[in-house]
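If you want the building blocks of each chain, they are given just below.
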Amino acid sequence: MNLYILSNLLYYRNYGTIMPLSSYMMVENLDGLGPSIVNSLRKTDVWLVFPSICFMIFYCIVPLTRFPQQRPIESWQNFLLSVFPIAFIIVPSYLFHSPTDYAHPFGLYRNEIVRAYRQLGFINYYLYEIKYLKGVSEKERQSVVDFMNEYGRSHMAIENLSKSVGKNLIVILVESLQSWPIGLSVSGTEVTPCLNKIIHEAGTLYFPKVLPQVKGGRSSDAQLLINTGLLPIANGATASLYGTQKYPSLANALRERGYYSLSLLCDNKTYWNQEATTKSYGFDALYDRLAGDLPMTRADENLFKYGLSILKQVRQPFYAQLVTMSGHDAVKTDLKNPFGKISDKDIQVEYNLIITHYVDSCIGKFVSDLKHCGLYDNSVVVIAGDHDALTYNRFVGRDSVYLSDRYVPFVILNAPSEGVDCRLVIGQSDIYPTLLDLMGVSDYYFRGLGESVFRQPNGFAVYHTGEVEGDCTNDSLLANKRELWRISDLMIRMNYFRDK
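Note that the coordinates shown come from a computational prediction; the quantities given were computed from them, not determined experimentally. (Residues numbered from 1 in each chain as written. Predicted model: local features only at pLDDT ≥ 70, side-chain atom pairs only at ≥ 80, totals over all residues. Heavy atoms only, no water.)

## A closer look at the overall build of the chain
Operational definition: A helix here means a DSSP run of H or I that spans at least four residues, while a strand means a run of E at least two residues long, and both kinds are numbered starting from the N terminus. Here the radius of gyration uses the C-alpha set of atoms, whereas the globule reference equals 2.2 Å times the residue count to the power 0.38. Under the scheme applied here, a residue whose accessible area is under 20% of the maximum for its type counts as buried, over 50% as exposed, and between as partly exposed, the area being computed with a 1.4 Å probe on protein chains only.
Within the chain one finds 17 helices and twelve strands. Here the C-alpha atoms of the chain give a radius of gyration of 25 Å, agreeing with the 23 Å that 2.2 N^0.38 yields for 500 residues. Projecting the C-alpha coordinates of the chain onto the three principal axes gives extents of approximately 85 × 55 × 40 Å. Going through the 500 residues of the chain one by one, you find that 51% of them count as buried.

## Structural notes on the environment of Leu322
Residue position: Leu322 is located in strand 7 (residues 318-323). What makes Leu322 buried here is its relative accessible area of 0%. Linking Leu322 and Ile172, residues 150 residues apart in sequence, is a C-alpha distance of 4.9 Å.

## Observations regarding the packing of aromatic side chains
Put simply, the rule reads: Pairing of aromatic side chains here covers Phe, Tyr and the six-membered ring of Trp, requires ring centres within 6.5 Å, and sorts the geometry by plane angle: under 30 degrees stacked, over 60 edge-to-face, intermediate tilted. Over a ring means this: the NZ of a Lys or the CZ of an Arg is within 6 Å of the ring centre and within 35 degrees of the ring normal.
Going through the model one piece at a time under the given rule, you end up with 22 aromatic pairs. A connected cluster of aromatic rings, assembled from ring pairs, spans Phe147, Tyr151, Tyr444, Tyr445, Phe446, Tyr496 and Phe497. Taking the ring centre of Tyr376 as reference, the NZ or CZ of Lys371 above it sits at 5.0 Å. Over the ring of Phe460 we find Lys481; its NZ or CZ atom is 5.4 Å from the centre of that ring.

## Overview of the side chain of Thr278
Stated precisely, the cut-off is as follows: Residues are treated as being in contact if the distance between any of their heavy atoms lies within 4.5 Å.
Examined against the element boundaries, Thr278 turns out to sit in helix 12 (residues 274-280). Thr278 sits in the buried class, given a relative accessible area of 6%. Not counting residues within four places of it along the chain, the set of residues in contact with Thr278 comprises Ser263, Phe283, Ala285 and Leu286.

## Focus: helix 6 (residues 113-132)
So the rule is basically this: Here a helix's expected span is defined as the number of its residues, less one, multiplied by 1.5 Å. The bend reported for a residue corresponds to the angle between axes fitted to the seven residues ending at that residue and the seven starting there.
Given a rise of 1.5 Å per residue, 20 residues ought to cover 28 Å, yet the end C-alpha atoms of helix 6 are separated by just 13 Å, more than 12% below that figure. By the largest-angle criterion, Gly121 marks the main kink of helix 6, which is about 120 degrees. Listed in full, the buried residues belonging to helix 6 are Ile113, Ala116, Tyr117, Asn124, Tyr125, Tyr128, Glu129 and Tyr132.

## Remarks on the environment of Tyr117
Selection criterion: Residues adjacent in sequence count toward polar contacts only when both atoms are side-chain atoms; beyond that, a polar contact is any pair of N or O atoms within 3.5 Å, and within protein one must be able to donate a hydrogen and the other to accept it.
Of note, Tyr117 is situated in helix 6. By relative accessible area, Tyr117 is classed as buried at 18%. The spacing of Tyr117 and Pro105 is twelve residues in sequence and 9.4 Å in space, taken between C-alpha atoms. Of the polar contacts made by the side chain of Tyr117, one reaches the side chain of Tyr4; its length is 3.0 Å.

## With respect to the nonpolar core
For clarity, the threshold we go by: Nine residue types can take part in a nonpolar core, namely buried Ala, Val, Leu, Ile, Met, Phe, Trp, Tyr and Cys, and a core is a set of them joined through side-chain atoms within 4.5 Å.
Judged by nonpolar contacts, the single largest core of 73 residues is most densely connected at Leu169, Phe207, Phe410, Ile412, Leu435, Phe446 and Met491. For this core, the leading source of residues is helix 17 (residues 475-493), giving seven residues. The contacts of Phe410, once residues within four sequence positions are left out, are Leu205, Tyr206, Phe207, Val210, Val382, Ile383, Ala384, Ile426, Ile431, Thr434 and Leu435. The next biggest cluster of nonpolar side chains, apart from the first, holds 57 residues, and it includes Tyr271, Leu290, Val359 and Val381.

## Focus: the side chain of Thr297
Topologically, Thr297 is positioned in the loop between strand 6 (285-287) and helix 13 (299-313). With a relative accessible area of 11%, Thr297 lands in the buried category. Contact partners of Thr297, with chain neighbours within four places excluded, come to Ser326, Val331, Thr333, Leu335, Ile355 and Tyr358.

## Re the pattern of salt bridges
In plain terms, the rule: The rule for a salt bridge is simple: a side-chain nitrogen of Lys or Arg has to be within 4 Å of a carboxyl oxygen of Asp or Glu.
Applying the stated rule across the entire model yields 19 salt bridges. Notably, a salt bridge pairs Lys371 with Glu201, separated by 3.6 Å at the nearest N-O pair. Here Lys371, found in helix 14 (residues 347-373), pairs with Glu201, found in the loop between helix 8 (193-199) and strand 4 (205-211); they are 170 residues apart in sequence, far enough to count as distant. The class of Lys371 is partly exposed, set by a relative accessible area of 39%. Residue Glu201 is classed as partly exposed on the basis of its relative accessible area, which comes to 24%. Each of Glu256, Arg257 and Asp443 takes part in one network of salt bridges that share partners.

## Topic: the packing of helix 9 (residues 219-228) against helix 16 (residues 431-438)
This is how the line gets drawn: Fitted lines through C-alpha atoms give the axes, limited to the stretch in contact for helices. The angle between two N-to-C directions lies from 0 to 180 degrees. An angle below 35 degrees is treated as roughly parallel, one above 145 as roughly antiparallel, one from 65 to 115 as roughly perpendicular, and anything else as oblique. Rotating anticlockwise by less than a right angle from the far helix to the near helix defines a left-handed crossing, while the corresponding clockwise rotation defines a right-handed one. Throughout this entry, Asp, Glu, Lys and Arg are counted as charged residues, while Ala, Val, Leu, Ile, Met, Phe, Trp, Tyr, Cys and Pro are counted as nonpolar. The remaining residues, Gly among them, count as polar.
At a minimum axis separation of 6 Å, helix 9 and helix 16 run at an interaxial angle of 40 degrees. Between helix 9 and helix 16, the crossing angle belongs to the class labelled oblique. Of the two possible hands of crossing, helix 9 and helix 16 adopt the one that is right-handed. Contacts between helix 9 and helix 16 involve Leu225, Ile226, Asn227 and Thr228 on the former and, on the latter, Ile431, Tyr432 and Leu435. Within the contact of helix 9 with helix 16, the residues separate by chemical class into five nonpolar, two polar and no charged.

Here you go:
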């Protein structure tokens, strides 16, 4: 029980939610997480195990003969006396509310899992998880069919914009990169000098207000969003629970245009079940462990070095996804601190800025190397943060966290720039249809659940909690955006695209 409580506490500190039961089976993900776990511990955590320590001391000191021995029938009576009060507390909520009601435990866990856990406890949470993993009802299945029928009608005659037909697509998915350090100077030193230069070059589109829409799968959810246009499942990691299903994808759409696709990873392919998802997302090849012998914090330099040598040999046109790792944790490293002492900020902010500065230099060198080797001119390069980590409020010393503190960047190099408003708030689910438009495959059968930035987006996005960021005055449109989270969850769990 101590381990269960502690694991949930550490998970919450890193991911802001309760640890799904399915995540306890993901033992492969523990490899390399030692620094992250240590970094999440606090001195006050000792109070979690203090009662158990006291009990062990008491148990060792006090002889068992001091306690009266119970007969079996008395043990059963005590058991029933314990169970009935628990049942009396738990059962009424299930009897008096419909499962779709917000007041029902399942409804509350589905919408506000941390609040529900605090109010209703772990027994109700277990029941919710067991119910959730049982599958999709016939009514839910029909709601997906109805939605997709309407979806097909609305996307039937969509115009093909054909922006960058025939060019290579290189997507750099940057671990924990957020928008707030970009353009920031500390002690007279730019945190991201390379990105600052890149985003001001001709032919670059920079969207600083991208609301992350990942959930329990974190980095793997970002790959799901960008590669399939689907939102992650309501509970657990999509990559772990449904990593072997069939998905519509960017790689599959580009294959119809003669593209070869490959995914390049710093870490092991077992992390977040990436071996399975790489196949499910339609990639032709997977290269993992490109970090080599370097520690996690310096992994990116090897990823780009070895990745470039691979890209030089790949037939064109190609779609390459490079997944970085160095920014995973704000921990102490041997990297040079270019900022001096940041005395008015907490130490993790300082570590984060140092690592971000290093990652920026790796990206800058990679883009420069692409230009020197001749790949850049015939490629569209995308740089995207996968999720928030150390949010902006930590930098300014504010306790409250706003959705705007979580923004991640979306940068397109060698992009057509006419008529695009980069100041709008967009969601991560908008990246997939944007890339389809960018690469001239707008007629693909599934354009995702977001909006392309080339097609007058609505200028707002919905977080997994249902909160909205951006300007939205249309209640019906907002309700539809929120409904997409439920629809996507059902589509994935019922393997909707299996026969497509």
